[in-house]
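Listed here are the chains, written in short residue letters.
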Amino acid sequence: MKRILRHILTSAALAAVVASPLAHATNGYFKIGYGSKNRGLAGTGMAFGQDTLAPAVNPATLTGVFVGGDDRVDFGVELFKPQRKGVVDASSLAIPDLGAGPRQGQLSNENSRSNTFLIPSFGIGSDLGNNFYIAVSAVANGGLNTRYGDADAGNGNIYTDAFAPVIGDSSTSAFQPGPSGFAGFLEVVQGVPAAALDPNLANLYLNPNTAPSLGVNLAQVLISPTLAYKINENHSVGFAPVIGYQTFRAYGLGLFQAFSSDPAKVTNNGNDDAYGFGARVGYQGTFGKFSVGAAATSKIYMDEFDDYSGLFAEEGDFDVPATYGAGIAFRATPKITLAADITRILYSGVDSLSNNGPTANEFFGGFIGALVGDPSLVSNPLGSDNGWGFGWDDAWIYKVGVNYVHDNHWTLRAGFNYAEAPYDDDQALFNVLAPAVVEKHVTAGFTYNVNSSSEVTMTYMHAFRNDVEHTYVGTGQFTGFSYTAKNDMYQNAIEVSYALKF
């Protein structure tokens, strides 16, 4: 027992290593799977656990991991290379000449400049005897990361580059005096005094939080101490309390501070950490050549991001969504196992993710509110309970995989994973920061058994390019104004892991 406790404490310490910056994951912002073997099957594992990271999918499958009763440790690292592109085209957004020349929005087209990430994972476990099994896994659940613009060059803020040219000036502006753009329209057509516009124009033009670049970074880690019990030869159950850790930072969002209930807590506040707790339960049953499995993970209730309480809904709340799923594995031959899973991610349970972003009219109304200094014109202020979010819907994830044991040394794997983009086209504007648009993923991999006590596994994943595009068209008082937003991404990843049995 002392040896087991020592291993568990070691794994908890190593879990901190996992909390490294992450790139954009693939099923929304979740990873498609956990551990090299599971990812080789495109995340399929509800009924087919293969290592000590299996409890991150279904804790009951841990009972089939310890062949011969050996303890086991698994650790790996993924080289993840997502390619993301954001487009905001405001060139159709134009204000005619009001005395100081016409103003027109611009086409802003940027590739994210953060494209290479190392993502570690770790698991350790033991057969306790008497049909009880224990493990601790630490996995990167997923993340969001974009960085548009080059800090050295001092340009590339995709939002301000597109919209700033049409903001305009008043007749007494200190920048380019003479009525132009939206400010000029408000003064000349709507009768707003220049003295009321000028301080708000100064906040927009001189706001240091719009430069030199734009981006976000969210990293989530889940640590799962797991206890599994083999009821009899064919049925197992498992339970795992889940400890969540996440870190977040945002920069370059100064344009949106005027749209917030707490402007000082929107952007450029460094890294903010949050901790939380949830639970996962699972079942696995064997019926001849078939195995079935099912598992559910509660929402992981996280501390609020206090430093970004003016950005995320409910004053910085950003819980980890609940999930549930089921799967089947069919041992077609002693060498070939076919597996399939279906999983549901409940993004709708997290308001920061599921609240819709602004419509065209709401966005234009927010701009007017920023210029005249009237926050009541912002329909759903960022940071409020109903504050604008990313508009993500619940998502079904479909996974299939094949595992082929070639001989005592080599096992080959392949898989396919499909998940529809979690948001509709009309949510593309804010999702420039979180372009979760990839839907189809293919994987291939192998395990090489070096000897009876060690093995090496490698997996490759490709997520095919996909994009989402929407043109926002104003109506009523904003008829004739429009802009377009587009999200684009594809991904490649290679993961290598090593397992030691002892």
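Residues numbered from 1 in each chain as written. Predicted model: local features only at pLDDT ≥ 70, side-chain atom pairs only at ≥ 80, totals over all residues. Heavy atoms only, no water.

Enquirer: Would you mind going over a negative patch on the surface with me for this structure?
Expert: Residues Asp393, Glu420, Asp424, Asp425, Asp426, Asp467 and Glu469 make up a contiguous surface patch of negative charge. Inspection of the secondary structure assignment puts Glu420 in the loop between strand E15 (410-419) and strand E16 (440-451). Classification of Glu420 as exposed rests on a relative accessible area of 54%. (Patch = residues over 30% accessible without salt bridge, like charges linked within 9 Å, V, L, I, M, F, W, Y side chains within 5 Å. Areas by Shrake-Rupley, 256 points an atom, 1.4 Å probe, with all protein chains shown as cover. Salt bridge = Lys/Arg side-chain N within 4 Å of Asp/Glu carboxyl O. Lys, Arg positive; Asp, Glu negative; His and termini not counted. Charge placed at Lys NZ, Arg CZ, Asp CG, Glu CD. Helix = DSSP H or I, 4+ residues; strand = E, 2+ residues; numbered from the N terminus. Buried < 20%, exposed > 50% of the residue type's maximum accessible area, 1.4 Å probe, protein only.)

Enquirer: Even after reading the chapter, I still don't get the pattern of salt bridges, so can you show me in this structure?
Expert: Opposite charge on two side chains allows them to pair when their charged atoms are near. Under the definition given, this model contains eleven salt bridges. Between Arg113 and Glu110 there is a salt bridge; the shortest N-O distance is 3.9 Å. By relative accessible area, which is 14% here, Glu110 ends up buried. In this structure, Asp488 and Arg465 form a salt bridge, with 2.7 Å as the shortest nitrogen-oxygen distance.

Enquirer: So what exactly am I meant to see when it comes to a nonpolar patch on the surface here?
Expert: Together, Val77, Leu79, Leu118, Met458, Tyr460, Ile494 and Val496 make up a nonpolar patch on the protein surface, roughly 540 Å² of accessible area in all. At the level of elements, strand E1 (72-89), strand E17 (454-473) and strand E18 (482-501) are the ones that each hand at least two residues to the nonpolar patch. Locating Val77 in the fold gives a position in strand E1.

Enquirer: Help me understand the nonpolar core in this model?
Expert: What tends to happen in soluble globular proteins is that the nonpolar side chains get buried as a cluster. In this structure, Tyr159, Phe163, Trp392 and Leu429 are the most contacted members of the largest nonpolar core, which totals 93 residues. Those residues in contact with Tyr159 that lie beyond four places of it in its chain are Val88, Ala164, Leu214, Leu253, Leu255, Phe256, Leu429, Phe430, Val432 and Leu433. Val73, Phe122, Ile124 and Val136 belong to the second-largest nonpolar core, a separate cluster that totals seven residues. (Core = buried A, V, L, I, M, F, W, Y, C linked by side-chain atoms within 4.5 Å. Contact = heavy atoms within 4.5 Å.)

Enquirer: Whenever I open this one, the confidence of the model for the protein confuses me. Can you help?
Expert: Across the protein, the average pLDDT comes to 91, with 94% of residues at or above 70. Counting contacts from residues 4-21, a segment whose pLDDT is below 50, to residues more than four positions away or on other chains yields 29 contacts. (pLDDT = per-residue confidence, 0-100.)

Enquirer: Got a minute to help me understand unusual backbone geometry in this structure?
Expert: Glycine aside, a negative phi is what most residues show, and trans is what most peptide bonds show. Cis geometry is found at the peptide bond from Ala211 to Pro212, where omega equals 5°. Locating Pro212 in the fold gives a position in the loop between helix H5 (194-206) and strand E7 (214-232). Phi is positive for Asn130, which is not a glycine, with a value near 55°. For Asn130, the location among the structural elements is in the loop between strand E5 (117-129) and strand E6 (132-148). By relative accessible area, Asn130 is classed as exposed at 70%. One non-glycine residue with positive phi stands out, namely Asn268, at about 60°. Within the fold, Asn268 resides in the loop between strand E8 (235-251) and strand E9 (272-287). For Asn268, a relative accessible area of 32% translates into the label partly exposed.

Enquirer: I tried to follow helix H4 (residues 181-188) on my own but got confused; where do I start?
Expert: The α-helix winds at 3.6 residues per turn, so residues separated by three or four positions along the chain end up facing the same way. With six of eight residues buried, H4 is to be regarded as a mostly interior element. Here H4 has its buried residues at Gly181, Phe182, Ala183, Gly184, Leu186 and Glu187. Next to the buried residues of H4 lie strand E2 (94-95), strand E3 (103-104), H5 and helix H8 (360-372).

Enquirer: For this particular structure, what's the right way to read the pairing of strand E12 (residues 323-331)?
Expert: Put simply, side chains in a regular strand alternate between the two faces of the sheet. Pairing of strand E10 (residues 290-297) with E12 involves eight bridges; the strand directions are antiparallel. Looking at the pairing, Phe290 lines up with Phe330 of E12. In this sheet, strand E13 (residues 336-345) lies alongside E12 in antiparallel orientation, the contact comprising nine bridges. Opposite Phe330, over in E13, you have Leu338 as the bridge partner. From the end of E12 to the start of E13, which pair antiparallel, there are four residues. (Pairing = 2+ DSSP bridges.)

Enquirer: Mind showing me how you'd approach empty space enclosed by the protein here?
Expert: Over the atoms, a rolled probe matching the size of one water molecule traces out where space is still vacant. Applying the stated criterion across every chain yields a total of eight cavities of 30 Å³ or more. Within this model, the largest cavity holds a volume of roughly 300 Å³. Every residue lining the largest cavity is counted, 28 residues in all, and those nearest its centre are Phe30, Tyr34, Ala56, Thr323 and Thr343. Counting residues per element, the ones that place at least two in the lining of the largest cavity are E10, E12, E13 and strand E14 (395-405). When residues in the lining of the largest cavity are grouped by element, the largest group, three residues, is from E10. (1 Å grid on protein atoms, 1.4 Å probe; cavity = no way out; pocket = protein on both sides within 12 Å on 5 of 7 lines; lining within 4 Å. Points joined across faces, edges and corners; volume = space filled by probe spheres on them.)

Enquirer: What am I meant to see in the side chain of Asp71 here?
Expert: Inspection of the secondary structure puts Asp71 in the loop between helix H2 (36-40) and E1. Owing to a relative accessible area of 3%, Asp71 belongs among the buried residues under this scheme. Separated by 2.6 Å, the side chains of Asp71 and Ser126 make a polar contact. (Polar contact = N/O pair within 3.5 Å; in protein donor to acceptor, adjacent residues only side chain to side chain.)

Enquirer: I'm lost on the packing of aromatic side chains in this one. Help?
Expert: Note on aromatic pairs: each is described by the distance of the centres and the angle between the planes. Counted by the stated rule, this structure contains 41 aromatic pairs. Ring geometry for Phe163 versus Tyr483: centroids 5.5 Å apart, planes at 85°, classification edge-to-face. Taken together, the positions of Phe163 in helix H3 (residues 158-163) and Tyr483 in strand E18 put the pair 320 residues apart, joining distant regions of the chain. By the burial criterion, Phe163 is buried, and Tyr483 matches it. Between the aromatic rings of Phe364 and Phe478, the centroid separation amounts to 5.4 Å while the plane-to-plane angle is 40°, which identifies the pairing as tilted. With Phe364 in helix H8 and Phe478 in the loop between E17 and E18, this pair connects stretches of sequence that are 114 residues apart. (Phe/Tyr/Trp six-rings, centres within 6.5 Å; stacked < 30°, edge-to-face > 60°.)

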